[in-house]
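Below are the chains, spelled out letter by letter.
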Amino acid sequence: MKIGFMTNVLVKNGLTDIEDIAKFAKKNGFEDLEIGPTIELNHNKFEKVINFGININSLTYCRNYLSSNKDEANTHIKGLIERLDFASELGISQITTSTGINKKISEGIYDSVDSIRRRPEKSLDEFYELFAPIVEKAEKKNVKIAFENCPLMGNIAISPYLWRKIFEKFNCDFVGLTYDPSHLIWEQIDPIKPLYEFKDKIFQIHAKDTIINFNILNDLGILTDFSWWRYCIPGNGDLDWVAFFKAIEEIGFDQTISIEHEDREYEGSIEKVKEGLVKSQKYLLKIINKELK
């Protein structure tokens, strides 16, 4: 297992150059970088990072490829294809992405339990049609496609039920998951149990936690707004990380644990962001080294 991080939070807080990000990673013992969509795809800079001794394990580009705005959708699809080609040229093993969702047909009035349940599912056929040639291209390019399970973007891959639908259609070694337990927590899904069923489809794990404020939840319920939960760094939320790591060891996971820092308690300055990343890394290493039980 390698520990890396996604670049988004550093870029958001002012550290935008991939070489400077790699220097921070190297200095603090990170082995991998997951490159977010706001970093320029510059061959020369990427090669310098790789030669510097930092592995680039994934290019991340989560967009709504099924947007009803066709110009927007086509721009996103072009960006995804560009990253597939770029990853193949540099030997980067995977793209982390979303499926897209047609909100026009998937959303609607809360008129029945069934209409709510079936919203994301209604976009599956469009998703299949769009991604069939993309998956074929990915196989030819030897680049894996890992769907992240975040519901807060254009995405269908948000639950075990829908993962099964996706993998029934794309039953190949090049389509899998970037498994993020933080989303499952606020979705009220067991974040550990699915690891066993989907063990062969987990290409990467996002290390991020979620904390639920039950006082607010009991006042608002789950539908008023999302103020009853927030993302946080590993160890500061509700996930049992010791049990989680025990499970990923049992399933034989040996790929990258990529810290996706979205904890507002560790933002506001580049120093606070770096503190959050390093604190997350140290916490995860303690579990890997069996120092926490």
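Position numbers for residues count from 1 along each chain, tracking the sequence in the order it is written. Local features in this predicted model are restricted to residues of pLDDT 70 or higher, and side-chain atom pairs are both shown and tallied only at a pLDDT of 80 or more, whereas totals for entire chains, interfaces and linings draw on every residue. By convention in this description, side-chain values take in all heavy atoms of the structure and omit both hydrogens and water.

S.K.: Just to check I follow, could you spell out the pattern of salt bridges for this structure?
M.R.: When their charged atoms lie close together, side chains carrying opposite charge are able to pair. Salt bridge, as used here, is a side-chain nitrogen of Lys or Arg placed within 4 Å of a carboxyl oxygen of Asp or Glu. For the coordinates displayed, the defined rule picks out 14 salt bridges. Residue E262 pairs with K208 through a salt bridge whose shortest N-O separation is 3.4 Å. Separated by 54 residues along the polypeptide, E262 in the loop between strand 10 (256-259) and helix 13 (270-288) and K208 in the loop between strand 7 (202-207) and strand 8 (209-212) bring together distant segments of the chain. Given the relative accessible area of 1%, K208 is considered buried. One continuous salt-bridge network, built from bridges that share partners, spans D180, K208, E260 and E262. The way it works is that DSSP assigns letters per residue, a run of H or I at least four long becomes a helix, a run of E at least two long becomes a strand, and they are numbered from the N terminus. Classification of residues uses two cut-offs on accessible area relative to the type maximum, computed with a 1.4 Å probe and protein chains only: under 20% is buried, over 50% is exposed, and between them is partly exposed.

S.K.: Can you walk me through the sheet that holds strand 2 (residues 32-35) in this structure?
M.R.: Pairing between the strands of a sheet is mediated by backbone hydrogen bonds and can be parallel or antiparallel. Pairing between two strands is assigned when DSSP locates at least 2 bridges connecting them. The eight strands lie next to each other as 1-2-3-4-5-6-7-10, forming a closed barrel whose pairing is parallel. Ignoring strand direction, the axes of neighbouring strands in this sheet form an average angle of 30 degrees. By the bridge criterion, three bridges tie strand 6 (residues 175-179) to strand 7 in an arrangement that is parallel. Counterpart to T178 in the pairing with strand 7 is Q204. When checking whether two residues touch, look at their non-hydrogen atoms; a contact exists if any pair is within 4.5 Å. Angles shown run from 0 to 180 degrees and are taken between the N-to-C directions of axes, each axis being a line fitted to C-alpha atoms and, for helices, limited to the stretch in contact. Helix 2 (residues 18-27) contacts strand 1 (2-6) and strand 2 of the sheet and is inclined by roughly 150 degrees relative to strand 2. The strands that helix 8 (residues 160-169) touches are strand 5 (144-148) and strand 6; relative to strand 6, the one it contacts most, it runs at about 155 degrees.

S.K.: Please explain the side chain of N149 as it appears in this structure.
M.R.: With respect to the helices, strands and loops of the structure, N149 is situated in the loop between strand 5 and helix 8. For N149, a relative accessible area of 0% gives the class buried. Two N or O atoms count as a polar contact when they lie within 3.5 Å, although within protein this holds only if one can serve as hydrogen donor and the other as acceptor, and sequence-adjacent residues are included solely when both atoms are side-chain atoms. Here the side chain of N149 touches D180 through a polar contact of 2.8 Å, landing on its backbone nitrogen. If near-sequence neighbours (up to four positions away) are discounted, N149 is found in contact with N155, A157, I158, W163, T178, Y179, D180, H183, L184 and E187.

S.K.: Can you walk me through the pairing of strand 10 in this structure?
M.R.: As a general feature of sheets, a regular strand has side chains that alternate between the two faces. Going residue by residue along strand 10, you find T256 and S258 tucked away on one face and I257 and I259 tucked away on the opposite face as well. Examined bridge by bridge, strand 1 and strand 10 share four bridges and lie parallel to one another. For K2, the partnering residue across the bridge sits in strand 10 and is T256. Two elements, strand 7 and strand 10, share four bridges in a ladder whose sense is parallel. Bridge pairing links A207 to I259 in strand 10.

S.K.: Explain helix 4 (residues 70-90) to me, please; I cannot follow it from the model alone.
M.R.: The periodicity of an α-helix, 3.6 residues per turn, causes residues three or four places apart in sequence to face the same way. By definition here, a helix of n residues has an expected span of 1.5 Å times n minus one. The end-to-end C-alpha distance of helix 4 is 30 Å, a good match for the 30 Å that 21 residues give at a rise of 1.5 Å each. What helix 4 keeps buried is the set A73, H76, I77, G79, L80, R83, L84, F86, A87 and L90. The elements touched by buried residues of helix 4 are helix 3 (43-51), strand 3 (55-61), strand 4 (94-97) and helix 7 (124-141). N-cap assignment for helix 4: the residue whose side-chain oxygen lies 3.2 Å from the backbone N of D71 is N69. Positive phi appears at G91, one or two residues downstream of helix 4, with a value of about 75 degrees.

S.K.: Please explain the packing of aromatic side chains as it appears in this structure.
M.R.: For any two aromatic rings, the description comes down to two numbers: the centre-to-centre distance and the angle of the planes. Note on ring pairs: Phe, Tyr and Trp rings are taken, using the six-membered ring of Trp, and paired if centres are within 6.5 Å. Classes follow the plane angle, with under 30 degrees stacked, over 60 edge-to-face and the rest tilted. The final tally for this structure, using the stated rule, is 23 aromatic pairs. Between W163 and F198, the aromatic rings sit 5.1 Å apart at their centres with planes inclined by 90 degrees, giving edge-to-face as the arrangement. Remark: F198 occurs in the loop between helix 10 (193-197) and strand 7 and W163 occurs in helix 8; sequence separation between them is 35 residues. Relative accessible area serves as the criterion here: at 0%, W163 is assigned to the buried category. Assessed through its relative accessible area of 4%, F198 is described here as buried. By way of ring pairs, the aromatic residues Y61, Y65, F127, Y128, F131, F147 and F170 are connected into one cluster. In this scheme, Lys NZ or Arg CZ marks a charge over a ring once it lies within 6 Å of the ring centre and within 35 degrees of the ring normal. In this structure, R63 is placed above the aromatic ring of Y61, and the distance from its NZ or CZ to the ring centre is 4.9 Å.

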